[in-house]
Amino acid sequence: MPFASAAPGQNIKVPSGRLAALSPRAWLRRSIRHGEEWIAGLMVLYAAGLLCLYYILKPMRSALFLKDLPARDLPNAYLLAAVLAGPLVLVTYKFGRRLSVIALITATNGAVLGCLLFFRWAVSAGIPWLPYLYFAFVQVIPVLCIAQFWLLAGYIFDGRQAKRIFGFLGAGAIIGSIAGSVVTDLLHHYSMTAMLTICAVLCAALTALARVAWNYRRPDLDTARESSGGPDAADRGAGLLPTVFGSRLLRLMVLIVFLTMIASQIADWQVDYAAQEHYGHLPKPAMEQEIKAFRARFNWITNLIGLVLQLCLTGALIRWTGIAGSILFLPASLGLTSLGVLFAPSLATATASLGCSSVFRYSVHRAGSELLFLPLSPPQRKRVKLFVDVFADRIGRAVAAFIILALTTRALPIGLPGTASVVVLLALGCILCSVRLHRGYVDAFRRQLVRREVDLSEVNRYVTDAASLRLLISMLKSRTERQILYSLGLLQSARNFDFSAELLPLLEHPSAFVREEAVRTLHALPGNHE
């Protein structure tokens, strides 16, 4: 359910906790202010259309490949996608430095449209290597499009707007992913040529939407972009590895991402392998339709469950379990369900394993992972996220491919049970890393607070983790005015945590600046204190 890699999820941000408990109309009033309705609606439509496009393309990826080729060859497609991703990101980055954002988005969408028309022709022509090329296309291209969507959103909304509106955009994105999956499920009898035609029309419409939305960009960012040169990007790339590997906290964070990516990719392969075994007795056209329908149905069900979980439970789970507990849900569920694949290999157990990965990865795990970035400065966050997106993600998929290839050879044909045992081991490794991560996170956050180096201006999720909030609240008792003002500014990003006993006395603080900032922080308290 990505806005990243299931999303290519990368980052779907939906509201949780108190805002999610509001009625839809009340939530809209809180999220969208007067004058923002039109552009917010356009961006929601863009996000929904983008995810709808991806979730129409995705089920056809598995169906096209498994119809003619054995599932044990899928790792070769993973490797092809990993190899193509690097040069593609580099080329996009090079053009991105010379083009405006809208020109980059238009060029990318134009390339996607051209590829869709090519695949439409290639399906009819019966090109033998088409399944590999189409698989790599679906794996890589949407990630770029989604990243560019958030880039466009950053040019339109400032930091304060982002905290209110990005949840609205994320909800639209998930609705789009559900819609795309449902459409594919209902139209699974349609030929791939017809489905690609629908995708081409949708891609052209998205290009037009992006150009309309660009007219609402913030003019100050055009000037900032022109004045910013290449050295910043170069310096950021040069300092990437020292930033990541110079910190124990960051090493553990990247290791968790790396291990969960390997485990999730193996779980995805297990479903394709089991689906081919389950539907292998059917004629090829019927097999393609059934696998496409199965994959589409799986996607909309897991997306729907993930949406409900994010809206109703994610905020509460983070408050109850903290960051350490929230990032344990994914590896723990993967490990437990993989035991089922190990001892009772079937399509049902493989589906349960991938379902847990899809549901938790882009809800509870995503929310907890984002909070792990709080102790980092904005430049550090950008560097680490760049490393995760470009290196850890792709290398993880490549490692998963080699593991699957090793366990499905003629000399070692252990298939589902063998790969399930690897997932169990990877899940145990993630759990151990998560336990060690919590202490490092608290220590790093405390150091950054003392130095007044925590900056939440670019964090588009409200802070609900109890350990982080307790550290912030403790600083309200400082005798230093600057320290109190700093803490109040950070606590304005807090949600679903009652610190009225510490905040309300500051309304009578001798300093007028503290009293004014305390009033601005009242909205972060649960209930109505304003």
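This is a predicted model, so every value here is computed, not measured.

Cut-offs and rules
Residue indices begin from 1 for each chain and proceed along its sequence in written order. Thresholds applied to this predicted model are a pLDDT of at least 70 for local features of residues and 80 or more for the giving and counting of side-chain atom pairs; totals over whole chains, interfaces and linings are not thresholded and use all residues. The basis for every side-chain value is the complete set of non-hydrogen atoms in the structure, without hydrogens or water. Going along the chain from the N terminus, every DSSP run of H or I of four or more residues is numbered as a helix, and every run of E of two or more is numbered as a strand. Only protein chains enter the accessibility calculation, which uses a 1.4 Å probe; a residue whose area is less than 20% of its type maximum is buried, one above 50% is exposed, and one in between is partly exposed. Computed with a 1.4 Å probe, the accessible areas rest on the Shrake-Rupley method; for each residue, only the protein chains presented here act as cover. Only buried residues count toward a nonpolar core, which is a set of Ala, Val, Leu, Ile, Met, Phe, Trp, Tyr and Cys residues joined through side-chain atoms within 4.5 Å. Every residue pair with non-hydrogen atoms within 4.5 Å of one another is taken to be in contact. Expected span of a helix, by definition, is 1.5 Å for each gap between consecutive residues, and there is one gap fewer than residues. In this analysis, a patch consists of residues with relative accessible area above 30% that form no salt bridge, clustered at 9 Å for like charges and at 5 Å for the nonpolar side chains Val, Leu, Ile, Met, Phe, Trp and Tyr. By definition, a salt bridge exists where a carboxyl oxygen of Asp or Glu is found within 4 Å of a side-chain nitrogen of Lys or Arg.

A. Molecular detail of the overall build of the chain. For the chain, the count of helices and strands is 23 helices and zero strands. Residue burial in the chain is summarised as follows: out of 530 residues, 57% are buried. Surface accessibility of the chain: about 22,200 Å² in total, with carbon and sulfur atoms responsible for 64%.

B. Layout of the nonpolar core. If you look at the biggest cluster of nonpolar residues, it comprises 56 residues, and the most contacted ones within it are Met43, Leu57, Tyr134 and Leu169. Elements with a contribution of two residues or more to this core: helix H3 (37-68), helix H5 (101-125), helix H6 (130-156), helix H7 (159-186) and helix H8 (192-214). Looking at which element gives the most residues to this core, the answer is H3, with 17 residues. For leucine 57, the residues in contact, after removing those within four places along its chain, are Leu116, Tyr134, Phe137, Val138, Leu196 and Cys199. Counting 47 residues, the second largest nonpolar core, distinct from the first, contains Leu66, Val341, Phe360 and Leu416.

C. Spatial organisation of helix H15 (residues 329-343). Along its 15 residues, H15 runs 22 Å from first to last C-alpha, staying within 8% of the 21 Å computed at 1.5 Å per residue. Turning to H15, its buried residues number three or more, namely Leu330, Pro331, Ser333, Leu334, Gly335, Thr337, Ser338 and Val341.

D. Spatial organisation of a nonpolar patch on the surface. A surface patch of nonpolar side chains, about 310 Å² in accessible area, is lined by Trp38, Val212 and Tyr216. By the secondary structure assignment, valine 212 is in helix H8. Exposure remark for valine 212: the relative accessible area of 35% places this residue in the partly exposed category.

E. Just the side chain of serine 181, in detail. Of note, serine 181 is situated in helix H7. Excluding residues within four positions of it along the chain, serine 181 makes contact with Tyr55, Ala296, Asn299, Trp300 and Asn303.

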